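Chains, contacts and geometry: an overview
So the chains spell out like this:
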Amino acid sequence: MLLSGCTGSGSVEELLSPPRLDGEQSEIYDALRAFTNEGITLKYPRSGQYRSAFVVTNIDNEPSDEAIVFYEIPNVTAGSSLRINFLDKQNGRWVSVYDFSAQGSEVESIMFRDLGNEKITIFVDYLVQSSSDHYTSVLSYNNGSPRELAGIRNIYTGLFDTDGNGTDDLFAISAERTSGITSVSIYGFLDGKFTQIGAANLNSGFAEIRNVNCGLCSSGGTRAVFVDYAFSDGSFGTDAVICGNGFFFLSPALTPETVTRSSNSYTPYLTCTDIDGDGCIEIPATKPFTQYEDSPRAEQLCITEWYYLQRNGTYLQKKYNSFVGTKGDYTLLFPDSWNDRVTASVSISEGVVKFNRYSAVSDATGENIIKLVGAAGAAAERYESEGYIFLGTSPSTSYSYYAQLGESDLAPTEEELKQLFRLQ
C-alpha cells in the first residue's frame, strides 16, 4: 500500500507527526506509536515498488494482511537507530507483534517473492552507513515472528530465474575491497533450506555495476545472467554467469577486451539486450568507423557490433554490425553487403545520419546509401510531406524517424530497411 504525496524531507515537526492517513493506515500508525511510546521518524524505501514507510501485504498465506513499518527512533547511542516493526490484526485491531533493529542506515528497497517453496520470502535491502555497500536481509515470517534466513553484504542484488526452472533466485554481487575480487553468489531454496546454490568470480577491475539482465544466451536453451559494468576510464564491458546443467560458471568467452565499448555524443551507453527479438540476449561492443579510427574517443563515430554466446556459453560469435542512434532509441542493423564498405556522418543538431559507400583503397567517401532523420512534433511534418519513408516513432523519446534511400547498389529496398530498423 503506497502513500502518495510523501517525501523524505520536511521540518522536524512534520517528520515526527503522523502522515495523512485514512482508516486502516491510521490504525497501523496508532498501533506503532502505542508500541514505541515515543517520538519516531518514519523511513521510506528509496527505490523499488514499495516507497512507503507502511507496507501492507499478506506475508504468511493466512487470510488477513500484515503490516511492515520502517521507522527511526531518536537518541540512540549504540547500534542502528533504524528499526523495522511487524504488525498483525488481533481481534480486529492492529497490534505490534515483532520489532527489531535494522542492519543499515537507510532502507533501499523491500521485495516479496515466492521462491518455489509456496511461502513468501521477504528481501529488505539496506544502505550500509559510511560505505557504498548494501546489506540485504532475507526474511521468512511465520506465526507472528520474522526470521532472518540470510544476511548478505553486497554491491548489487536482484531476483532472476537463473536456471530456467520457473522460480526466481537471489543473484548477489559482492566486492572484496582488500583483494579486489568481485564475486557472484546465487541463493535459493534447496531441500526446504535457503542456501547458496552457485557462485563465480567476475572479471575484476570495473568501477561500478550499470545493468544486470537474465535470459537465454543461445538458441540451445542455455541461460545466463549478464552483468554490464563501467571501468574508471569511461569504457564499459560485460560478464556473463552461465547456468549449465545446474552449475554456474563465468563465461570464458567474455573478457574486458572482447566486448569493450565506449560512449560519447554520437554513441549512447549500451547494455546487453535482445536486439533482434529472437529470444536470446546479444552483447554490444563498439569500434570506430574506418575514417574515425585516429580521432579522439569523444569525436569517434562508432559501429556497434552485437555478439552472442554459443557452445553452452563458452564461445563468442559475432551476429551483427549496426548503428545505434545518438539518443539510444533505435538501432539500424547493417546488411552483410555493408561490411567494410560503408561509413557514416552525423549532424546531432539536425538529427541527421548519412550512410555512404566507403573505399578503403582510396580512403574516399562515395555515393549516399541512406539518409536517416529524426524529428519530434511539428518538425516531423516536413519529412512526411517530402516523401521520406516513415520508419516509426520511438516510445521512449517520442521522436519519429524517416529515411531517404540513395541510388547506390548498397541501398536496401524499403521493405528490407523496415526490417533492419529497430525502435527501442
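Cut-offs used in this document
Residues numbered from 1 in each chain as written. Predicted model: local features only at pLDDT ≥ 70, side-chain atom pairs only at ≥ 80, totals over all residues. Heavy atoms only, no water. Helix = DSSP H or I, 4+ residues; strand = E, 2+ residues; numbered from the N terminus. Buried < 20%, exposed > 50% of the residue type's maximum accessible area, 1.4 Å probe, protein only. Contact = heavy atoms within 4.5 Å. Salt bridge = Lys/Arg side-chain N within 4 Å of Asp/Glu carboxyl O. Phe/Tyr/Trp six-rings, centres within 6.5 Å; stacked < 30°, edge-to-face > 60°. Lys NZ or Arg CZ within 6 Å of the ring centre and 35° of its normal. Polar contact = N/O pair within 3.5 Å; in protein donor to acceptor, adjacent residues only side chain to side chain. Core = buried A, V, L, I, M, F, W, Y, C linked by side-chain atoms within 4.5 Å. Expected span 1.5 Å × (residues − 1). Arc of directions from axis to C-beta. Pairing = 2+ DSSP bridges. Axes fitted to C-alpha atoms, helices over the stretch in contact; angles between N-to-C directions.

Checked against the element boundaries, Gln300 lands in the loop between strand 18 (283–288) and strand 19 (302–310). On the basis of relative accessibility, which here comes to 12%, the residue Gln300 falls in the buried class. Each residue touching Gln300, except ones within four places of it in the same chain, is listed here: Asn264, Tyr266, Thr267, Pro288, Tyr292, Glu293 and Ser295.

Let us look at the pattern of salt bridges. Under the definition given, this model contains 17 salt bridges. In this structure, Asp168 and Arg113 form a salt bridge, with 2.4 Å as the shortest nitrogen-oxygen distance. Pair noted here: Asp168 is in the loop between strand 10 (156–160) and strand 11 (169–175) and Arg113 is in strand 6 (residues 106–114), with a separation of 55 residues, a long-range link. Across the pair Arg153 and Asp133 runs a salt bridge whose closest N-O atoms are separated by 2.9 Å. Here the residue Arg153 occupies a position in strand 9 (residues 145–154), and Asp133 occupies one in the loop between strand 7 (120–127) and strand 8 (134–142), the gap between them amounting to 20 residues. Judged by its relative accessible area of 45%, Arg153 falls in the partly exposed class. Connected through salt bridges with shared partners, the residues Asp276, Asp278, Glu282 and Lys319 form a single ionic network.

The description of an aromatic ring pair rests on the distance of the ring centres and on the angle between the ring planes. Within this structure, the stated rule accounts for 23 aromatic pairs. Look at Tyr383 and Tyr388: their rings are 5.1 Å apart centre to centre, the planes differ by 80 degrees, and that puts the pair in the edge-to-face class. An aromatic cluster of at least three residues, connected via ring pairs, comprises Phe289, Phe323, Phe334, Trp338 and Phe355. Between Lys327 and the ring centre of Tyr399, over which it is positioned, the NZ or CZ distance is 4.5 Å.

Below, the discussion takes up the environment of Thr162. Relative to the helices and strands, Thr162 is located in the loop between strand 10 and strand 11. Assessed through its relative accessible area of 2%, Thr162 is described here as buried. Once the C-alpha coordinates of Thr162 and Gly246 are considered, the two residues, 84 residues apart in sequence, prove to be 9.7 Å apart. Sequence-distant contacts of Thr162, defined by excluding residues within four places in its chain, comprise Asp169, Phe171, Ile186, Cys214, Arg223, Val225, Cys243 and Phe248. A distance of 2.6 Å separates a polar atom in the side chain of Thr162 from a polar atom in the side chain of Asp169.

This paragraph deals with unusual backbone geometry. The phi dihedral of Ser130 is positive, around 60 degrees, even though this residue is not glycine. Relative to the elements of secondary structure, Ser130 occurs in the loop between strand 7 and strand 8. Even without being glycine, Asn143 reaches a positive phi, approximately 50 degrees. Counting through the fold element by element, Asn143 comes out in the loop between strand 8 and strand 9. With relative accessibility at 76%, the residue Asn143 sits in the exposed group.

Let's shift gears to the nonpolar core. Core analysis: the biggest nonpolar cluster contains 29 residues, and Trp338, Phe355 and Leu372 have the highest contact counts within it. Ignoring anything within four residues of it in the chain, the contact list for Leu372 reads Tyr330, Gly351, Val352, Val353, Phe355, Leu391, Tyr402, Ala403 and Phe421. Ranked by size, the runner-up nonpolar core spans 20 residues in total, among them Tyr50, Phe112, Tyr135 and Leu139.

A few words now on helix 2 (residues 24–36). In a regular helix each residue adds 1.5 Å, so 13 residues correspond to 18 Å; helix 2 covers 19 Å between its end C-alpha atoms and thus fits that length. Among the residues making up helix 2, those that are buried are Gln25, Ile28, Tyr29, Ala31, Leu32 and Thr36. Within helix 2, the buried residues cover an arc of 160 degrees as seen down the axis, which keeps them to one side. Downstream of helix 2 by a residue or two, Asn37 has a phi angle that is positive, lying close to 55 degrees.

What follows covers the sheet that holds strand 18. If you walk across this open sheet you meet the 5 strands as 18-19-20-21-27, and the pairing is antiparallel. The sheet terminates laterally at strand 18 and strand 27 (421–423), the two strands that pair on one side only. Averaged over all adjacent pairs, the angle separating strand axes in this sheet is 35 degrees, with direction ignored. Bridging between strand 18 and strand 19 involves 6 bridges; their strand directions are antiparallel. Bridging from a neighbouring strand, Lys287 pairs with Ile303 of strand 19.

This part takes up the sheet that holds strand 12 (residues 182–190). Spatial strand order, 10-11-12-13: 4 strands in an open sheet with antiparallel pairing. Each having just a single partner strand, strand 10 and strand 13 (193–201) make up the two edges of the open sheet. The sheet shows a mean angle of 25 degrees between the axes of neighbouring strands, taken without regard to direction.

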